[in-house]
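Coordinates in review
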Amino acid sequence: MNDNIPIWTDLRPANINWKKVKSLSITLRTKPCRFQESMDSCKFCELKRLASPSVSADNIVNQVKNTIEPHRIKNEMPEHIDLFGLGTFFDNIEIPVTARNEILDYLSKSGIETLRIEARAQYITLDRLRDAKERLSPANLEVAIGIETTNTEIRENWLNKKYSNELIDKSVSLLGKAKVGFLGYVLFKPPVFDDDKEKEAIDDAVQSSLDIFELGKKHNATTRVGLNPFYLPDSNQYSKEELKNYTPPSLWSVLEVIKRTHSSGTIFIGLNSEGLV
């Protein structure tokens, strides 16, 4: 394991805000998400095994620069970068403040147009948002929150993701105040929905997507929805009993969700396996 090399990189064409761009995804090797070390670990997440307890702030900065410099030298910089960790960009233990600041300062000079990071709702503060936005300028910042579903019973009891809709509302209000873009992830058909509950899974994804769009409007935050069809990594926390009557969502079901939500705002489909399958 080389702590100066990220877990995953992927360069591909993308459509960002109705513009065709080159998009570079980088998954940083960091310390484990602190929720993975507790009873509040998201049941569907297996990124913990990709973490490095020994990684330093300098290592994390090197991961970004080692990935981007070849593109910069060739004058082939992507317009958009997805910069992911194993938990949240704003967790000072996972990504120390010194590393976060140096990365944002570096990217602001790189020529990119947009940067997307991920953050749990608990770590979003107005000061962190404003500082990140200022450092990254003139590039634009978008923060993705793994809402997964707006049904709190499913999110907290079945997915074991412990935060309330009230906390999500507060986080989006801060994004609106800071004028930072908001991306809400929706997890489509996790194993709580057996094969005989495909319609319920579609309804949940549709309602969650519409709720996210309404939340963005409420707080004047530029909002997109990321619809993430569920997949099972090779190693997962679900028992054979829980998966006995489960298969991932069909393409037709994904299209049905899009058909019922696209008129409300920008929604895109995709979930990178980041080497887990």
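Residues numbered from 1 in each chain as written. Predicted model: local features only at pLDDT ≥ 70, side-chain atom pairs only at ≥ 80, totals over all residues. Heavy atoms only, no water.

Below, the discussion takes up the overall build of the protein. Along its length, the protein carries eight helices and eight strands. When burial is assessed residue by residue, the protein has 54% of its 277 residues classed as buried. Sequence separation of 24 or more characterises 77% of the internal contacts of the protein that already satisfy a separation of 6 or more. Looking at the protein as shown, the accessible area adds up to about 13,000 Å², and 51% of this sits on carbon and sulfur atoms. (Helix = DSSP H or I, 4+ residues; strand = E, 2+ residues; numbered from the N terminus. Buried < 20%, exposed > 50% of the residue type's maximum accessible area, 1.4 Å probe, protein only. Contact = heavy atoms within 4.5 Å. Areas by Shrake-Rupley, 256 points an atom, 1.4 Å probe, with all protein chains shown as cover.)

Each aromatic ring pair is described using two quantities: the centre-to-centre distance and the angle formed by the ring planes. Going through the model one piece at a time under the given rule, you end up with two aromatic pairs. Taken together, a centroid distance of 6.0 Å and an interplanar angle of 85 degrees make the contact between Phe230 and Tyr246 edge-to-face. Of the two residues, Phe230 is situated in the loop between strand E7 (223–229) and helix H7 (240–243) and Tyr246 in the loop between H7 and helix H8 (251–261); the sequence distance between them amounts to 16 residues. Among the residues examined, Tyr246 registers a relative accessible area of 7% and is labelled buried. (Phe/Tyr/Trp six-rings, centres within 6.5 Å; stacked < 30°, edge-to-face > 60°.)

Our next topic: helix H2 (residues 97–108). Between the first and last C-alpha of H2 there are 16 Å, a value that for 12 residues agrees with the 16 Å anticipated at 1.5 Å per step. Among the residues of H2, those classed as buried are Ala99, Arg100, Asn101, Ile103, Leu104, Tyr106, Leu107 and Ser108. Looking at the buried positions of H2, the neighbouring elements they touch are helix H1 (57–73), strand E3 (80–84), strand E4 (114–118) and helix H3 (126–136). (Expected span 1.5 Å × (residues − 1).)

Keep in mind these numbers describe shape, not what the thing actually does.
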